[in-house]
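# Structure assessment
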Amino acid sequence: MKTGDFVLREKVALPDGPVRAGVRPEMFVVSENGTPVIVHKTQLRGRDFLVDFDMGDNHVRALIDNDIDVQEGKELKVSVKPDTILCFDADTKLALGKF
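Residues numbered from 1 in each chain as written. Predicted model: local features only at pLDDT ≥ 70, side-chain atom pairs only at ≥ 80, totals over all residues. Heavy atoms only, no water.

### Here we look at the nonpolar core
Counting 13 residues, the largest nonpolar core has Val51, Phe53, Val70, Leu76 and Val78 as its most contacted members. Looking at this core, the elements that each hand over two or more residues are β2 (28–45), β3 (48–55), β4 (58–65) and β5 (75–80). With 4 residues, the top contributor of residues to this core is β3. Sequence-distant contacts of Leu76, defined by excluding residues within four places in its chain, comprise Val30, Thr35, Pro36, Val37, Val39, Val51 and Val70. (Core = buried A, V, L, I, M, F, W, Y, C linked by side-chain atoms within 4.5 Å. Buried < 20%, exposed > 50% of the residue type's maximum accessible area, 1.4 Å probe, protein only. Helix = DSSP H or I, 4+ residues; strand = E, 2+ residues; numbered from the N terminus. Contact = heavy atoms within 4.5 Å.)

Below, the structure is given as structure tokens:
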């Protein structure tokens, strides 16, 4: 995966032109079918870990339940919860919706 390459769902239509996507940290989940990433840093935040990793060219922070074994330098497979990717028109900055 590289910056700008992602699949929302089949048959989801977005307007022509550049689109920016955002995902809130709490919308990530650990998933056997997720994208493998290497954990750079962890911080215990109460019931969650704040986990830093790179996904393609992007630095990402995710909130992961603290009952999951998360270790710096180790691989973790993450996915995004359905219907939680926020999309914006890159030029006008207007929200296009959640996908």
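### A closer look at the sheet that holds β3
In spatial order, the strands read β4-β3-β2-β5; together these 4 strands make up an open sheet with antiparallel pairing. Both outer strands of the open sheet, β4 and β5, are each paired with one neighbouring strand and no more. Adjacent strand axes in the sheet meet at a mean angle of 55° when their direction is disregarded. Bridging between β2 and β3 involves 6 bridges; their strand directions are antiparallel. For Lys41, the partnering residue across the bridge sits in β3 and is Asp52. (Pairing = 2+ DSSP bridges. Axes fitted to C-alpha atoms, helices over the stretch in contact; angles between N-to-C directions.)

### Digging into the sheet that holds strand β1 (residues 19–22)
The 3 strands are arranged β1-β6-β7 in an open sheet whose pairing can be described as antiparallel. At either end of the open sheet lies a strand with only one pairing partner, and these are β1 and β7 (95–98). Averaged over all pairs of adjacent strands, the angle between their axes in this sheet comes to 20°, without regard to strand direction.

### Some thoughts on unusual backbone geometry
With a phi angle near 60°, Asp83 is a residue other than glycine that sits in the positive phi range. Along the chain, the position of Asp83 falls in the loop between β5 and β6 (86–89). For Lys93, which is not a glycine, the phi torsion comes out positive at approximately 70°. Within the secondary structure, Lys93 is located in the loop between β6 and β7.

### What to know about the environment of Phe53
Note that Phe53 resides in strand β3. In this structure, the C-alpha to C-alpha distance between Phe53 and Thr42, residues 11 residues apart in sequence, is 9.3 Å.

### A few points about the side chain of Asp52
By the element assignment, Asp52 lies in strand β3. A polar side-chain atom of Asp52 sits 3.2 Å from a polar atom in the side chain of His59. Setting aside its immediate chain neighbours within four residues, Asp52 contacts Ile38, Val39, His40, Lys41, His59, Val60 and Arg61. (Polar contact = N/O pair within 3.5 Å; in protein donor to acceptor, adjacent residues only side chain to side chain.)

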